[in-house]
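The lines below spell out each chain.
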Amino acid sequence: MLGKGVVGGGGGTKAPKPSFVSYVRPEEIHTNEKEVTEKEVTLHLLPGEQLLCEASTVLKYVQEDSCQRGIYGKLVCTDFKIAFLGDDESALDNDETQFKNKVIGENDITLHCVDQIYGVFDEKKKPLFGQLKKYPEKLIIHCKDLRVFHFGLRYTKEEEVKRIVSGIIHHTQAPKLLKRLFLFSYATAAQNNTATDPKNHTVMFDTLKDWCWELERTKGNVKYKAVSVNEGYKVSDRLPAYFVVPTPLPEEDVRCFQGRGIPIWCWSCHNGCALLKMSALPKEQDDGLLQIQKSFLDGIYKTVHRPPYEIVKTEDLSSNFLSLQDIQTAYSKFKQLFLIDNSTEFWDTDIKWFSLLESSSWLDIIRRCLKKAIEITECLEAQNMNVLLLEENASDLCCLLSSLVQVMMDPHCRTRVGFQSLVQKEWIMGGHCFLDRCNHLRQSDKEEHQRQLSLPLTQSKSSPKRGFFREETDHLIKNLLGKRISKLINSSDELQDNFREFYESWHSKPTDYHGLLLPHIEGPEIKVWAQRYLRWIPEAQILGGGRVATMSKLLEMMEEVEHLQEKIDERHHSQGALPAEAPSLLRSSARLSSLFPFALLQRHSSKPVLPTSGWKALGDEEDLAKREDEFVDLGDV
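Residues numbered from 1 in each chain as written. Predicted model: local features only at pLDDT ≥ 70, side-chain atom pairs only at ≥ 80, totals over all residues. Heavy atoms only, no water.

**Points about the overall build of the protein chain**
- Secondary structure summary: the protein chain contains 23 helices and 16 strands in total.
- Counting contacts in the protein chain only where the partners sit at least 6 residues apart, residues at least 24 apart contribute 67% of the total.
- When the accessible surface of the protein chain is totalled, it reaches about 34,500 Å², and 53% of it is carbon and sulfur. (Helix = DSSP H or I, 4+ residues; strand = E, 2+ residues; numbered from the N terminus. Contact = heavy atoms within 4.5 Å. Areas by Shrake-Rupley, 256 points an atom, 1.4 Å probe, with all protein chains shown as cover.)

**Some thoughts on helix α5 (residues 208-217)**
- Along α5, the positions that sit buried rather than exposed are Asp 210, Trp 211, Trp 213, Glu 214 and Leu 215.
- Buried residues belonging to α5 abut β9 (224-227), β10 (243-246), β11 (264-268) and α14 (416-428). (Buried < 20%, exposed > 50% of the residue type's maximum accessible area, 1.4 Å probe, protein only.)

**So, the sheet that holds strand β4 (residues 108-110)**
- An order of β4-β3-β2-β1-β8-β7-β5-β6 is seen for the eight strands of this open sheet, with the pairing classed as antiparallel. At either end of the open sheet lies a strand with only one pairing partner, and these are β4 and β6 (124-127). The mean angle between the axes of side-by-side strands here comes to 30°, regardless of whether they run parallel or antiparallel.
- Looking at chain direction, strand β7 (residues 138-143) and strand β8 (residues 148-152) are connected through five bridges and run antiparallel. Bridge pairing in β8 places Ile 140 opposite His 150.
- Sitting on the sheet, helix α3 (residues 158-173) is in contact with β1 (51-61), β2 (70-78), β3 (81-86), β5 (114-121) and β7, with an inclination near 110° to β1. (Pairing = 2+ DSSP bridges. Axes fitted to C-alpha atoms, helices over the stretch in contact; angles between N-to-C directions.)

**A short note on the side chain of Glu 49**
- Here Glu 49 shows up in the loop between α1 (26-39) and β1.
- At a separation of 2.7 Å, a polar atom in the side chain of Glu 49 contacts the main-chain amide nitrogen of Leu 46.
- Side-chain polar atoms of Glu 49 contact the side chain of Lys 81, separated by 2.7 Å. (Polar contact = N/O pair within 3.5 Å; in protein donor to acceptor, adjacent residues only side chain to side chain.)

**As for the pairing of β3**
- The element β3 is largely enclosed, with a buried count of six among its six residues.
- Burial of β3 is two-sided: the residues Lys 81, Ala 83 and Leu 85 facing one way and the residues Ile 82, Phe 84 and Gly 86 facing the other way are all buried.
- The pairing of β2 with β3 spans five bridges and is antiparallel. Bridge pairing in β3 links Cys 77 to Ile 82.
- In textbook terms, the turn of a hairpin is the stretch between consecutive antiparallel strands, and for β2 and β3 this stretch comprises two residues.
- Of the strand pairs in this sheet, β3 and β4 are connected by three bridges, and their pairing is antiparallel. Bridge pairing in β4 places Ile 82 opposite Ile 109.

**What about the packing of helix α9 (residues 324-335) against helix α11 (residues 353-360)?**
- At a minimum axis separation of 8 Å, α9 and α11 run at an interaxial angle of 160°. In terms of their interaxial angle, α9 and α11 are classed as roughly antiparallel. As for the relative orientation of α9 and α11, their crossing is left-handed in sense. For the pair α9 and α11, the contacting residues are Ala 330, Lys 333 and Phe 334 in the first and Leu 357, Ser 359 and Ser 360 in the second. (Parallel < 35°, antiparallel > 145°, perpendicular 65-115°, else oblique. Left-handed = near helix turned anticlockwise from the far one by under 90°.)

**Some points on a negative patch on the surface**
- A contiguous patch of negative charge on the surface is contributed by Glu 559, Glu 562, Glu 566, Asp 569 and Glu 570.
- One can find Glu 570 in helix α21 (residues 546-575). (Patch = residues over 30% accessible without salt bridge, like charges linked within 9 Å, V, L, I, M, F, W, Y side chains within 5 Å. Salt bridge = Lys/Arg side-chain N within 4 Å of Asp/Glu carboxyl O. Lys, Arg positive; Asp, Glu negative; His and termini not counted. Charge placed at Lys NZ, Arg CZ, Asp CG, Glu CD.)

**Describing the environment of Gln 191**
- Note that Gln 191 resides in the loop between α4 (182-189) and α5.
- Assessed through its relative accessible area of 69%, Gln 191 is described here as exposed.
- Taking C-alpha positions, Gln 191 is 8.7 Å from Pro 47, a pair spaced 144 residues apart along the chain.

**What about the sheet that holds strand β13 (residues 312-316)?**
- What the four strands build is an open sheet, ordered β11-β12-β14-β13; its pairing is mixed. The open sheet terminates on both sides in strands that have one partner only, identified here as β11 and β13. Recorded for the sheet is a direction-independent mean angle of 25° between the axes of neighbouring strands.
- Of the pairings in the sheet, the one linking β13 to strand β14 (residues 386-391) comprises five bridges and is parallel in character. Within β14, the position partnered with Lys 313 by the bridge is Val 387.
- Against the sheet, helix α7 (residues 287-305) contacts β12 (274-279), β13 and β14, and its axis sits at roughly 135° relative to β13.
- Where helix α12 (residues 362-381) meets the sheet, it contacts β11, β12, β13 and β14, and its direction lies at approximately 145° from that of β14.

**Points about the confidence of the model for the protein chain**
- Residues with a pLDDT of 70 or more make up 68% of the protein chain, whose mean pLDDT is 76.
- Mean pLDDT across the secondary structure elements of the protein chain bottoms out at helix α17 (residues 476-481), with 36, and peaks at helix α13 (residues 397-409), with 97.
- Predicted confidence is poor over residues 450-495, with pLDDT under 50, and the contacts of this stretch with residues over four places away or in other chains come to 88 contacts.
- Taken together, the stretch residues 578-637 has pLDDT below 50 and engages in 103 contacts with residues farther than four places along the chain or on a different chain. (pLDDT = per-residue confidence, 0-100.)

**So, the packing of aromatic side chains**
- Counted under the stated rule, the structure contains twelve aromatic pairs.
- Plain terms: the ring middles of Phe 334 and Trp 362 are 5.9 Å apart, the flat faces sit at 25° to each other, and that makes the pair stacked. Here Trp 362 lies in helix α12 and Phe 334 lies in helix α9, a separation of 28 residues in the sequence. Here Phe 334 and Trp 362 have matching classes, each one buried.
- Ring-pair connections join several aromatic residues into one group, and the members of that group are Tyr 331, Phe 334, Phe 338, Trp 353 and Trp 362.
- The cationic tip of Lys 125 hangs over the ring face of Tyr 118; the distance from NZ or CZ to the ring centre is 4.4 Å.
- For the cation-ring pair, Lys 138 lies above Tyr 61, with the distance from its terminal atom to the ring centre recorded as 4.3 Å. (Phe/Tyr/Trp six-rings, centres within 6.5 Å; stacked < 30°, edge-to-face > 60°. Lys NZ or Arg CZ within 6 Å of the ring centre and 35° of its normal.)

The structure is reproduced here in structure tokens:
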């Protein structure tokens, strides 16, 4: 096979050097290129999408191992995405799967999804940006959705390498003008298919009619009204052109503070209670202006507190909940567990999995968001109270919590059309700052901040010496349900009586999937999404792999067990009998996988009970039972 054994290694752990070199004649390379071209599929372009540059004979590496295998094909860059067209694409095109993405393929990366680009020069990995004097033999792309792509350029023509690498760097990292974003080209070229029936199509909420339809669907039109005071964005560019407010509220009040301090309707419950949101008034130092603001807010609260409106509970998210910086920091730590370059790095990191996962605080943030959404749901459903979400701009955490509440309480929002309409209403029309939060324009200061947060895990600070399971192993269950993951577990003593009763009562009944749905928020139930994040475990990547994939891994494990038995027999004959405690250790000790305790125990790991590093360690004199975070004596549990 062309290049087998001579393809350059990636970053991180170096692959073993080849034991042979394959010399291929130029005519053979030409023949292989021709074969690749014949098998390539047509590049699918969206309306307004233009091809910018391309390179042939690019090798897309397989990432499960370090054997340097891959698929040859063409790497292209458009003004919307980076795409790899290889031999496997033809099989995907013929697959009539129901859940196929119609916009981007499995080997497509939208330009805005690129987090960081690395190049490999003489087996050394370096970040790429700006003008390059030397071009890499391998390209590594880290994506914001935690995918990692490796492309070998060793057999690509030099001019094509320069064009494709320079093009990708420029179009993913260079600052952009707003009008140069692909969405404007697409909007101009795409046909405007306006739907007439909101029940069967995504509601765009860009007309007064759409809001009136949503009010009627949720029975909120009795107490709330759709207004057009911001039509043409003449009052505020943060608010949608049309939105919903309480019926008694004069439209003139919306203009007073550019829409700030106004309770804006999100959704109505079946009992008439509503979820509202409000952006905070600007902070003023002048006593006269403060008095004006106070009088204005007093009038607003009197409007929503009098009949027919129920009691209003205010949730101040800016001061009593998570900060955006907390979320950004936690996610930046969390994603470093997955943005790695090969399976060897993954299993080396896995030794400190629990410590790194806990120190990121990401699962705790997920739990807190779900808990807050359930608290809001309890107020609406059980206490018949309106809930007013208060945030500085009402466009970040308000969008998140409002969406979670509606998914839990409204079955329509759990349908495909309903969920798309929910995203359009709460995030797009809700004014979430996608342009700033995602840094679509690639502003230099924000991009430098992202680059610092996206360093590989191997360059981060070392984890604490003591790990997740530092207590005695006889108390495993106590550790799992005790202080070691106290951040992830919400004990009943912390919950308010009403909330606890509501939460436990719902979970004690049979689930009605067409009614209210509440997630579990206990620590072990907050799980890492294995098929999304743990992509280095083959079992998590094979959908419907079935018994063939399982048996393959079982045979691999059996081979390693036999190899271990041979080593034990050798040591037994050469050094005498093993210590008395050793057989007990081998029988009752097991390496907990990265999925435990955040996944069900019946999920069978496809990896060996011990990683390769564990087998090598058997030759050392160190007692395995004293290893930090790597082995846990399960005993009789």
